[in-house]
Each structure stands twice: as structure tokens, then as C-alpha cells.
Amino acid sequence: MTTVTKTFDWGEELHQTVVKSLATSFGLDFLLIKDKVGGDVDTIHNARHQVYATDKEREKYANRGDYNSTAYHHHENYIAINREGKAKREAGTLIDTYTGETFAHNAKTNLDHIKAAKEVHDDPGRVLSDLNGPDLANDASNLTHTNETLNKAKGAKKMDAFVEKLSADYYANQQEIAALRSQPSLTDKEQKRLTSLENKASADFDRMREADEKARKQYEDTVNHAYYTSSKFAKSVALASMNNGLRMGTRQMLGLVLAEVWFEFRDRLPGMIARQRENFVASDLLSDMGHVLKAIWARIKAKFRTFIETFRDGVIGGILSSVTTTLFNILFTTQKMMVRLIREMWNNLIQAFKIMVFNPQNLAPGELAKAVSKLLVAGVAVAAGVVINESLAKIMMFPFGPELAAFCGVLSTGLLTVVMNYFLEYSPMMQKLWAFLDKFKDKYQHAEDYYRQVNTELDRFILELTSLEFAINASELMSFSLQLEAVNNEIERGLLLRNEVEQRNIALPFEAGNTDSVRNWLNSL
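On a predicted model such as this, the values are computed, not experimentally measured, just so you know. (Residues numbered from 1 in each chain as written. Predicted model: local features only at pLDDT ≥ 70, side-chain atom pairs only at ≥ 80, totals over all residues. Heavy atoms only, no water.)

A. Representation of the packing of helix α16 (residues 304-331) against helix α17 (residues 336-358) within the structure. Axis separation between α16 and α17 bottoms out at 8 Å; the angle between their running directions is 135 degrees. One element, α16, and the other, α17, form an angle in the oblique class. The two elements α16 and α17 meet at a crossing, and its hand is right-handed. Across the interface between the two elements, R312, D313, G314, I316, G317, L320, S321, T324, T325 and F328 of α16 pack against M338, V339, I342, R343, W346, N347, I350, Q351 and K354 of α17. For the contact of α16 with α17, a count of residues per class yields eight nonpolar, seven polar and four charged. (Axes fitted to C-alpha atoms, helices over the stretch in contact; angles between N-to-C directions. Helix = DSSP H or I, 4+ residues; strand = E, 2+ residues; numbered from the N terminus. Parallel < 35°, antiparallel > 145°, perpendicular 65-115°, else oblique. Left-handed = near helix turned anticlockwise from the far one by under 90°. Contact = heavy atoms within 4.5 Å. Nonpolar A, V, L, I, M, F, W, Y, C, P; charged D, E, K, R; others polar.)

This is the structure we're talking about:
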């Protein structure tokens, strides 16, 4: 059997890709989807960088109230642990966490908030998690005993900043300590100064960092658990995911409908122009347009199931992209472009996964791998188009600049898609790969390939036969068919047929227009 060589229509492939991209990824986004820095769900990481998904949480943090030291230092847990520390000190068993030394029974001790109480109060993560500041700051894991000098010197500083300050002042303090100790006698003020300097010098930086690390880990675990296991977070994720899913599904379905409308209109347009050029009649033009609209409606109805499937896949892709974006924003803040890239990639991944797992067309292994590869390549092409679009939009700040940037993104997507599809389809290397995978076909797939090839040969033969019989090519035959569909009655149809017969010099076995002649011919059959 003769193998039919497939041809690759670059213009048609580019046209279809660009139209579909314009109608979906680059056309309807601005109407249906609003990408935001940080996504659509508030996260602790983003809140701490003043990036909020909702104005409600932003306003709640702004209205958190001023820091009240009394509420934090008169908390019942603070008082209880301070009391326990006093008892241990009097018993000679209380150890200074920041120095490792055991307190004298008459030493001045302070109970320190390892993570400063003010820092806890002003923490956006704590506010987002709806946790009580004094309760959180006075957890046992955040309270420790140290000498009065270190506690007061630390104040509201973070431990790293405090250790850095002590380290920077260390040598100067040592010199001052040596100078004071060399004096034969000290005034009360000088003695207090010496005690203060000695307390600072006794600080063990490693112990201080270790205490801070443990306290902050417990603090972060408490805040993260409180928020990410809360019904508020779950509700936010669910609402954002469903909203994004519905918008994404609507975008995909509506974009596909608009693309199909254009494809049908473009196919019908040449025939309509040809007819009106020969004999323009306004009523005929309106009639032609009516036929075009009917054809468009018929095409949409025929592909209704495809639209529903596209909507479903878009919804799933939108939900997964929203969840993925939220997960990323727990760790770092995503920019608008990345949010869009995640959405577009998920859209293609869903389609690739569906084909790879369910294989609805029962494709052979090689064809299946090729189909999945094309979908993944399309996702990469869209991602590249998005990057180009966003980059150019920052440069093209003049009138119609954003629109031009969007078109450049679409064109880049189309060109990259067409080039990669051609490579996957016709590259000798890829054809060898597909052929190798096709060796794993079962007997039913081999039979299906055989009959598909037979059908292709028959189609080619019929087209050649049509050209011989009517002395016209396939495109002319299509144009003539469209003209037949456009006529309004049998008289016009008869005139159109007679005109075509005369133009083609076709010899009829009866006299055209003579009813008796036609009947006699029919009776003779």
C-alpha cells in the first residue's frame, strides 16, 4: 500500500495557535482573571512582608493596637514562672541561661522574653493567626532567667542584634573592666558599672543563640499550626481555588468558542465574497450572513461536548494552580508573572495527564507519547510567551504598548509551538523514537492503523477522481458546494447548476430545463 505523506501547513498551524492563544491566555485574562503578587490567599510569610491578599487582614493588622508592656509583664504565666525562679535562686539551683553561671541566692535576676514581647505584639503572623499576644509571648518556651544587666541591655532587640552589639563592645568593655579593677577602691557608681560590665562580659553567645533558636522554633510551630490548620485558612483556600477554577474554566471554554466561531467564519468568507463580487444583492448578502450564522451555530452545537470538557479541565487546572500558588507563598512570595505561569502550566499538564492516563483515542504508544509531548511543549510555549509579554509590558509604556506586548507574546507562543510541533512530527530523531515506541502496539492497534491508512488512501483517491470527473480541484468543489447551500429555492439552484454545466462543457443525457426530457431519461434507467 502506498504511504500517504503528511504535509505541514505552517500558515494554518500558526494561525490556529495564535487565534486560540489570543482568545484564552492573552485575550480573556484581563477580563476574567486578576493576578496578584502573593496569590489570592493570605499566608504568614507574605503578611510578614506586608503582602496581603485581602484588605480585611491588612486592616486587622493596622488596627492591632499599641504595645502595652503591662499586659505582657503581668501575665499570670509570667508571674508564676518568676515565682518558681525565685524559689530556685534561694535554693541555689537557678542557672543563668545566657551565661551558664549559677545565681547567688541574693543575686538580682530578671525573667526575659527570649523573643521580645514587643516583637511578638507587632508580628503580622501572630495577628493573622488570631493568637493572643500576651499568651504567646509568655509561653514557658519563651521565658528564661538571666541577670538584670543582660535583660535590660537586650530590651526589645532580637537576639542576633543583641549578640552582635555585645560582640562589638567586647574589647572596649574588657579594657574598662581592667581599668576599674586596677583602682584601689571604687565608688558605688563605679562598682555598679564594673558589675554591669562583668555581667555583659560573662555572656555566652552560643548559649544565647541556642536559647533563641529553640524559642523561635516553638513560636513558629505554634503560629503556623494555629493558622494553617484553622478553618479560616481552609475556607480561604477553598474559596480562592473554586473562584480561580471557575474563572479558568470559563476562560478556556469561552476562548475555544470564540476561536471556533472565527474558524467557521473564515472558512465561509471566501465563498460569500466570491458570490457577492459577481452579483451583489443586499438581500443575498443578508441571506449569506444568515447561512454563515447557522453554520457557526451548527459547529458550536457539534462541539458542545468538547466545550464542556474544556470547561471541566480548566476548572481542575485553575483549582490546582491556586493551591500550588498558595503552597509556594507559604515559603516565598510569588510575583504576578509566576502566578500566571503556574496557571498556564497546570492547564496543559491536566490535558497531558488526561491523555496519558485515560488515552481516550486509544493511541498507540508512539502516538500517545507524541500527543503528550505536544501538550507539554504547548505549555512551555505559553510560558515563554507570558515571560515575553510581561517583560515587554514593562518597557512599552507608550499608548497601545501593553496591547503590542500582548501580541508579541502571542506571536512568540505561536511560533514556538509550531516549530516544536514540526520537530516532534517530522524530525528523523523523533520519528525513530515514535517508531520504537510503536513496536509495543497490540494486534488491535496494528489493525486500527491499517484501516486508518486504507481510509486515507480512499480519501485521496476520491479527491483525485473528483478532479478528473468535474475538471476542478477540491477547493473549487468546496466553493461550489457553499454556493449550492446559499441559494434560497429550487429555481435558483437549477440556474446555478445549469450555469456550472455550461461552463464545464459537461454533456448531459437529457435536455437541461426540459421536464419531459428529464422524465424520459429517468424512465430509461
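B. Layout of the pairing of strand β2 (residues 143-147). Within β2, five of the five residues are buried, leaving the element largely enclosed by the surrounding structure. Both strand β1 (residues 109-113) and β2 contribute to a ladder of five bridges, which runs antiparallel. Bridging across to β2, L111 finds its partner in H145. (Buried < 20%, exposed > 50% of the residue type's maximum accessible area, 1.4 Å probe, protein only. Pairing = 2+ DSSP bridges.)

C. Representation of the packing of aromatic side chains. Applying the stated criterion across every chain yields a total of eight aromatic pairs. Aromatic pair Y170 and Y171: ring centres 5.5 Å apart, planes at 85 degrees, arrangement edge-to-face. By relative accessible area, Y170 is classed as partly exposed at 33%. By relative accessible area, which is 63% here, Y171 ends up exposed. Seen in terms of ring centroids, Y228 and F233 are 4.9 Å apart; in terms of plane orientation they differ by 80 degrees. Their pairing is edge-to-face. For F233, a relative accessible area of 10% corresponds to the buried category. Pairwise contacts between aromatic rings join Y227, Y228 and F233 into one cluster. A cation over an aromatic ring shows up here: R64 above the ring of Y61, its NZ or CZ 4.1 Å from the ring centre. Seen from the ring of Y219, K115 lies directly overhead, with NZ or CZ sitting 4.6 Å from the centre. (Phe/Tyr/Trp six-rings, centres within 6.5 Å; stacked < 30°, edge-to-face > 60°. Lys NZ or Arg CZ within 6 Å of the ring centre and 35° of its normal.)

D. Seen up close, the pattern of salt bridges. Using the criterion set out here, one finds 27 salt bridges in the structure. In this structure, K303 engages E260 in a salt bridge whose closest nitrogen and oxygen atoms are separated by 3.2 Å. You can see K303 sitting in the loop between α15 (282-302) and α16 and its partner E260 sitting in helix α14 (residues 231-278), a full 43 residues away along the chain. In this structure, K370 and E425 form a salt bridge, with 2.9 Å as the shortest nitrogen-oxygen distance. Here K370, found in helix α18 (residues 365-395), pairs with E425, found in helix α19 (residues 401-426); they are 55 residues apart in sequence, far enough to count as distant. (Salt bridge = Lys/Arg side-chain N within 4 Å of Asp/Glu carboxyl O.)

E. Focus on α19. For α19, built from 26 residues, the straight-helix expectation of 38 Å at 1.5 Å per residue is met to within 8% by its first-to-last C-alpha distance of 37 Å. The complete set of buried residues in α19 reads G401, A405, A406, G409, V410, T413, G414, T417, V418, N421, L424 and E425. (Expected span 1.5 Å × (residues − 1).)

F. Local environment of α17. A rise of 1.5 Å per residue sets the reference length of α17, with its 23 residues, at 33 Å; its end C-alpha atoms lie 33 Å apart and thus fit the reference within 8%. Among all positions of α17, only V339, R340, L341, I342, R343, E344, N347, N348, I350, A352 and I355 are buried. Just downstream of α17 lies N359, where phi reads positive at about 45 degrees.

G. Representation of the environment of E390. If you trace the backbone, E390 turns up in helix α18. Take E390: its relative accessible area is 22%, and that puts it in the partly exposed class. Along the chain, E390 and K336 lie 54 residues apart, while their C-alpha atoms are 9.2 Å from each other. Residues in contact with E390, not counting those within four places in the same chain, are M337 and R340.

H. Fine view of the side chain of E119. Within the fold, E119 resides in helix α7 (residues 117-121). Engagement of the side chain of E119 in a polar contact is seen with the side chain of R216, the distance being 2.9 Å. If we ignore the near neighbours within four places in the chain, the residues touching E119 are K158 and R216. (Polar contact = N/O pair within 3.5 Å; in protein donor to acceptor, adjacent residues only side chain to side chain.)

I. Region of the structure containing a nonpolar patch on the surface. A surface patch of nonpolar side chains, amounting to about 430 Å² of accessible area, comprises F398, L404, F407, L411 and L415. Structurally, L411 can be placed in helix α19. (Patch = residues over 30% accessible without salt bridge, like charges linked within 9 Å, V, L, I, M, F, W, Y side chains within 5 Å. Areas by Shrake-Rupley, 256 points an atom, 1.4 Å probe, with all protein chains shown as cover.)

J. Region of the structure containing the packing of α18 against helix α20 (residues 428-438). Running from N to C, α18 and α20 point in directions that differ by 135 degrees, and their axes come no closer than 6 Å. With respect to α20, the axis of α18 lies oblique. On α20, the residues touching P365, G366, E367, A369, K370 and S373 of α18 are W434, L437 and D438. Taken together, the residues that form the contact of α18 with α20 break down as four nonpolar, two polar and three charged.

K. Main features of the environment of T334. Tracing the sequence through the fold places T334 in the loop between α16 and α17. Given the relative accessible area of 0%, T334 is considered buried. Excluding anything up to four places from it in sequence, T334 contacts V37, G38, G39, T325, F328, N329 and V339. Separated by 2.9 Å, the side chains of T334 and N329 make a polar contact.

In short, geometric facts, not functional conclusions.
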